[in-house]
Amino acid sequence: MKVSLIPEKCIACGLCQTYSAVFDYHDDGIVKFADSDDLVKVLPDSPDTLLAVKSCPTKALVLD
Ligand code: SF4
(Lines give C-alpha, C1' and ligand atoms only; values in the text may rest on other atoms or scores of the structure.)
Protein backbone atom coordinates (compact mmCIF):
# COMPACT_ATOMS: atom_id res chain seq x y z
CA MET A 1 0.00 0.00 0.00
CA LYS A 2 1.20 3.50 -0.88
CA VAL A 3 0.54 6.17 1.73
CA SER A 4 1.00 9.91 1.25
CA LEU A 5 1.20 12.46 4.03
CA ILE A 6 -0.25 15.94 3.64
CA PRO A 7 1.31 17.79 6.58
CA GLU A 8 -0.59 21.03 5.83
CA LYS A 9 -3.80 19.20 6.67
CA CYS A 10 -2.53 17.60 9.88
CA ILE A 11 -3.96 19.11 13.07
CA ALA A 12 -1.58 17.16 15.33
CA CYS A 13 -4.39 15.22 16.98
CA GLY A 14 -2.11 12.26 17.70
CA LEU A 15 -4.58 9.63 16.54
CA CYS A 16 -2.71 7.90 13.74
CA GLN A 17 0.20 6.66 15.84
CA THR A 18 -2.20 5.07 18.31
CA TYR A 19 -3.30 2.80 15.45
CA SER A 20 -0.02 2.28 13.63
CA ALA A 21 3.63 2.63 14.62
CA VAL A 22 4.33 3.50 10.98
CA PHE A 23 3.44 7.07 11.93
CA ASP A 24 5.30 9.41 14.24
CA TYR A 25 5.36 13.16 14.80
CA HIS A 26 7.65 16.11 14.45
CA ASP A 27 8.31 18.15 17.60
CA ASP A 28 5.30 20.30 16.76
CA GLY A 29 3.04 17.23 16.56
CA ILE A 30 2.68 17.19 12.79
CA VAL A 31 2.67 13.75 11.25
CA LYS A 32 5.73 12.09 9.69
CA PHE A 33 6.72 8.55 8.95
CA ALA A 34 8.51 6.94 11.88
CA ASP A 35 11.58 5.96 9.91
CA SER A 36 11.97 8.75 7.37
CA ASP A 37 11.07 12.31 6.45
CA ASP A 38 9.60 11.26 3.10
CA LEU A 39 6.02 12.29 2.35
CA VAL A 40 5.18 9.18 0.32
CA LYS A 41 5.97 5.63 1.25
CA VAL A 42 5.16 2.15 -0.01
CA LEU A 43 4.30 0.02 3.01
CA PRO A 44 3.37 -3.60 3.51
CA ASP A 45 -0.41 -4.06 3.55
CA SER A 46 -1.57 -3.75 7.14
CA PRO A 47 -5.00 -3.44 8.77
CA ASP A 48 -3.47 -1.15 11.42
CA THR A 49 -2.08 1.26 8.86
CA LEU A 50 -5.33 1.16 6.90
CA LEU A 51 -7.28 1.98 10.07
CA ALA A 52 -4.95 4.87 10.84
CA VAL A 53 -5.38 6.30 7.35
CA LYS A 54 -9.16 5.95 7.46
CA SER A 55 -9.36 7.46 10.95
CA CYS A 56 -7.49 10.67 10.25
CA PRO A 57 -10.09 13.39 10.85
CA THR A 58 -8.64 15.82 8.31
CA LYS A 59 -7.62 13.36 5.59
CA ALA A 60 -3.97 14.26 6.04
CA LEU A 61 -3.20 10.61 5.28
CA VAL A 62 -4.02 9.45 1.79
CA LEU A 63 -4.01 5.98 0.31
CA ASP A 64 -2.94 6.02 -3.35
S1 SF4 B 1 -4.65 11.38 12.54
FE2 SF4 B 1 -4.39 12.89 10.90
S3 SF4 B 1 -4.62 14.90 11.88
FE4 SF4 B 1 -4.25 13.39 13.49
S5 SF4 B 1 -2.01 13.43 13.83
FE6 SF4 B 1 -2.44 11.80 12.34
S7 SF4 B 1 -2.22 12.78 10.31
FE8 SF4 B 1 -2.42 14.41 11.85
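A quick note: this is a predicted structure, and the numbers were derived from the prediction, not measured. (Residues numbered from 1 in each chain as written. Predicted model: local features only at pLDDT ≥ 70, side-chain atom pairs only at ≥ 80, totals over all residues. Heavy atoms only, no water.)

**Q** What is the right way to look at the environment of Ile11 in this model?
**A** Topologically, Ile11 is positioned in the loop between β1 (2-5) and α1 (15-19). As a C-alpha pair, Ile11 and Ala60 span 49 residues in sequence and 8.5 Å in three-dimensional space. (Helix = DSSP H or I, 4+ residues; strand = E, 2+ residues; numbered from the N terminus.)

**Q** What should I look at first to understand the nonpolar core in this one?
**A** One recurring pattern in soluble globular proteins is that nonpolar side chains are buried together. Formed by 16 residues in total, the largest nonpolar core has its most connected members in Val3, Leu5, Cys16, Phe23, Val31, Phe33 and Leu61. Secondary structure elements with two or more residues in this core: β1, β2 (23-25), β3 (31-33) and α2 (47-55). If near-sequence neighbours (up to four positions away) are discounted, Phe23 is found in contact with Val3, Leu5, Cys16, Gln17, Val31, Lys32, Phe33, Ala34, Thr49, Ala52, Val53 and Leu61. (Core = buried A, V, L, I, M, F, W, Y, C linked by side-chain atoms within 4.5 Å. Buried < 20%, exposed > 50% of the residue type's maximum accessible area, 1.4 Å probe, protein only. Contact = heavy atoms within 4.5 Å.)

**Q** Help me understand the side chain of Lys41 in this model?
**A** Note that Lys41 resides in strand β4 (residues 40-42). Polar side-chain contacts of Lys41 include one of 3.3 Å to the side chain of Asp35. Discounting residues that sit within four places of it in the chain, Lys41 has contacts with Met1, Lys2, Val3, Phe33, Asp35 and Ser36. (Polar contact = N/O pair within 3.5 Å; in protein donor to acceptor, adjacent residues only side chain to side chain.)

**Q** How should I be thinking about the pattern of salt bridges in this particular structure?
**A** As a working rule, side chains carrying opposite charge can pair if their charged atoms are close by. A complete count under the given rule lists two salt bridges for this structure. Asp37 serves as the salt-bridge partner of Lys32, at 3.7 Å between the closest nitrogen and oxygen. By relative accessible area, which is 59% here, Asp37 ends up exposed. (Salt bridge = Lys/Arg side-chain N within 4 Å of Asp/Glu carboxyl O.)

**Q** Any chance you could explain the site of the ligand here in plain terms?
**A** For the ligand, the set of nearby residues contains 13 residues, the closest of which are Cys10, Cys13, Gly14, Cys16 and Cys56. The pocket occupied by the ligand, as judged from atoms lying within 2 Å of grid points, is the largest cavity. Class assignment for the residues of the shell around the ligand results in eleven nonpolar, two polar and no charged. (Near = heavy atom within 4 Å. 1 Å grid on protein atoms, 1.4 Å probe; cavity = no way out; pocket = protein on both sides within 12 Å on 5 of 7 lines; lining within 4 Å. Sits in = over half its atoms within 2 Å of the grid points. Nonpolar A, V, L, I, M, F, W, Y, C, P; charged D, E, K, R; others polar.)

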